[in-house]
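Architecture at a glance
Given next are the chains, with one letter for each unit.
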Amino acid sequence: MSSIAYANALYKPPKTADLMKLYKLMFSRSGFLDWWPGDTKEEIFVGAILTQQTTWKNVEKAMANLKAAKLLSIKQLSNATTNEIGSCIKPSGYYRQKSNHLKGACSYILKNYGSLEGLFKLKTKELRKTLLSIKGIGPETADSIILYAAEKPTFVIDAYTKRIMGRVFGTSQDMSYSELKSLFESSLRPNTDLYNDFHAQFVELGKNYCKTKPLCGSCPVKVMCKYVKSSNV
DNA sequence: ACCCAGGTGGCCC
DNA sequence: GGGCCACATGGG
């Protein structure tokens, strides 16, 4: 047996109490984060697409440009040209792709459901499937929209979640999105408020610490490793 | 002059 | 189902 296979055989996934311990540690550090940063459901929807592989600061610039150009709504985005959208969203990167995706997604929703609210009437499972069928919306963006705009319980996984879970509980960096998602959803009750703040805490912690460098002495993640593991059941 | 950021689609096997 | 690559601007 290889050493990796041996480690996998010994590995035990975190239980409910372990996950809640981590959540409480992050909460006590940052407080309630009150996500998503966006005024309306439509802004949350747009922000979820714009924030792909980009910092929120750059998304804010793009959103401000869209707002100034009166393009920050489903209806206006579906009527605008991709050039108009693209010139607004340059700061958030991948602007040629994202302007196509934004226009396409908004047109699709408007045509088939009339509005975001119309789309959100779908049951969670069907809503997720529908979102995933839209170009430009992958698993993380779909779950962000469901959780933060539609306000239905689905656990959002991102790079920070994967990284912090690896460091605190030793989960593999090879875990797929769906594996990591079900790790949380099989242990935690489907509570929108908990899922909302849990993910927000991961991002808040992740973007400030331990990006790709080794753990530093004062890194909160390192402190959490000690606390969480010392009380492991 | 690098490296990275709250991923995703297309293509391939 | 998974591996690889292009996509693009802004900040460290």
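Here the structure is a predicted model, which means the values were calculated and not measured. (Residues numbered from 1 in each chain as written. Chains lettered and ligands numbered in written order. Predicted model: local features only at pLDDT ≥ 70, side-chain atom pairs only at ≥ 80, totals over all residues. Heavy atoms only, no water.)

Comments concerning the overall build of chain A
Scanning chain A from N- to C-terminus turns up 14 helices and zero strands. Starting at the N terminus, the α and β elements of chain A follow one another as α-α-α-α-α-α-α-α-α-α-α-α-α-α. A sequence separation of at least 24 residues applies to 64% of the contacts in chain A between residues at least 6 apart. With the model as given, the accessible surface of chain A reaches about 12400 Å², and the carbon-plus-sulfur share is 53%. (Helix = DSSP H or I, 4+ residues; strand = E, 2+ residues; numbered from the N terminus. Contact = heavy atoms within 4.5 Å. Areas by Shrake-Rupley, 256 points an atom, 1.4 Å probe, with all protein chains shown as cover.)

Some thoughts on the state of the cysteines
Counted under the stated rule, the structure contains zero disulfides. The cysteine C88 is free of any disulfide, with C106 supplying the nearest cysteine sulfur at 13 Å. Overall, C106 belongs to the buried group, its relative accessible area being 0%. (Disulfide = S-S within 2.5 Å. Buried < 20%, exposed > 50% of the residue type's maximum accessible area, 1.4 Å probe, protein only.)

Side note on the protein's contact with DNA strand C
The local shell around DNA strand C consists of N58, K61, K90, P91, G93, Y94, Y95, R96 and Q97. Within 4 Å of the protein, the contacting atoms of DNA strand C are 57% sugar and phosphate, with bases supplying the remainder. Here a base nitrogen of DNA strand C and a side-chain polar atom of Y94 are 2.4 Å apart. Note that a phosphate oxygen of DNA strand C is positioned 2.7 Å from one of the backbone N or O atoms of Q97. Of all the secondary structure elements, the ones that give two or more residues to the surface near DNA strand C are α4 (56-68) and α7 (95-113). If you tally residues by element for the surface near DNA strand C, the top one is α7, at three residues. Class assignment of the residues belonging to the surface near DNA strand C gives a composition of three nonpolar, three polar and three charged. (Near = heavy atom within 4 Å. Polar contact = N/O pair within 3.5 Å; in protein donor to acceptor, adjacent residues only side chain to side chain. Nonpolar A, V, L, I, M, F, W, Y, C, P; charged D, E, K, R; others polar.)

Observations regarding the protein's contact with DNA strand B
Around DNA strand B, the structure places 24 residues, and the nearest of them are W36, K135, G136, T141 and Y160. Sugar plus phosphate, as a fraction of atoms of DNA strand B within 4 Å of the protein: 62%. At 3.1 Å, a side-chain N or O of Q53 approaches a base nitrogen of DNA strand B. Between a phosphate oxygen of DNA strand B and a main-chain N or O atom of I137, the distance comes to 3.3 Å. Looking at side-chain class alone, the surface near DNA strand B contains 10 nonpolar, nine polar and five charged residues.

Quick look at the environment of S176
Considering the arrangement of structural elements, one finds S176 in the loop between α11 (159-169) and α12 (177-185). Among the residues examined, S176 registers a relative accessible area of 29% and is labelled partly exposed.

Let's talk about the packing of helix α9 (residues 124-132) against helix α10 (residues 139-149)
Two quantities define a packed helix pair, namely the angle between the helix axes and the distance between the axes. Remark: α9 packs on α10, axes separated minimally by 9 Å, with the N-to-C direction vectors making an angle of 135°. Accordingly, the angle class assigned to the pair α9 and α10 is oblique. The element α9 and its partner α10 pack so that their crossing is right-handed. Contacts between α9 and α10 involve T124, L127, R128, L131 and L132 from the first element and P139, A142, D143, I145 and I146 from the second. (Axes fitted to C-alpha atoms, helices over the stretch in contact; angles between N-to-C directions. Parallel < 35°, antiparallel > 145°, perpendicular 65-115°, else oblique. Left-handed = near helix turned anticlockwise from the far one by under 90°.)

Notes on the pattern of salt bridges
Opposite charge on two side chains permits pairing when their charged atoms draw close. Per the counting criterion, the structure on display carries five salt bridges. Put simply, K181 and D143 hold a salt bridge, and the shortest N to O gap is 3.5 Å. Of this pair, K181 sits in helix α12 while D143 sits in helix α10; the two residues are 38 residues apart in sequence, bridging distant segments of the chain. One exposure class covers both K181 and D143, and it is buried. For K181, the salt bridge goes to E185, with nearest N and O atoms at 2.8 Å. With a gap of four residues between them, K181 and E185 both fall in helix α12, about one helical turn apart. Taking relative accessible area as the criterion, K181 reaches 9% and is therefore assigned buried. (Salt bridge = Lys/Arg side-chain N within 4 Å of Asp/Glu carboxyl O.)

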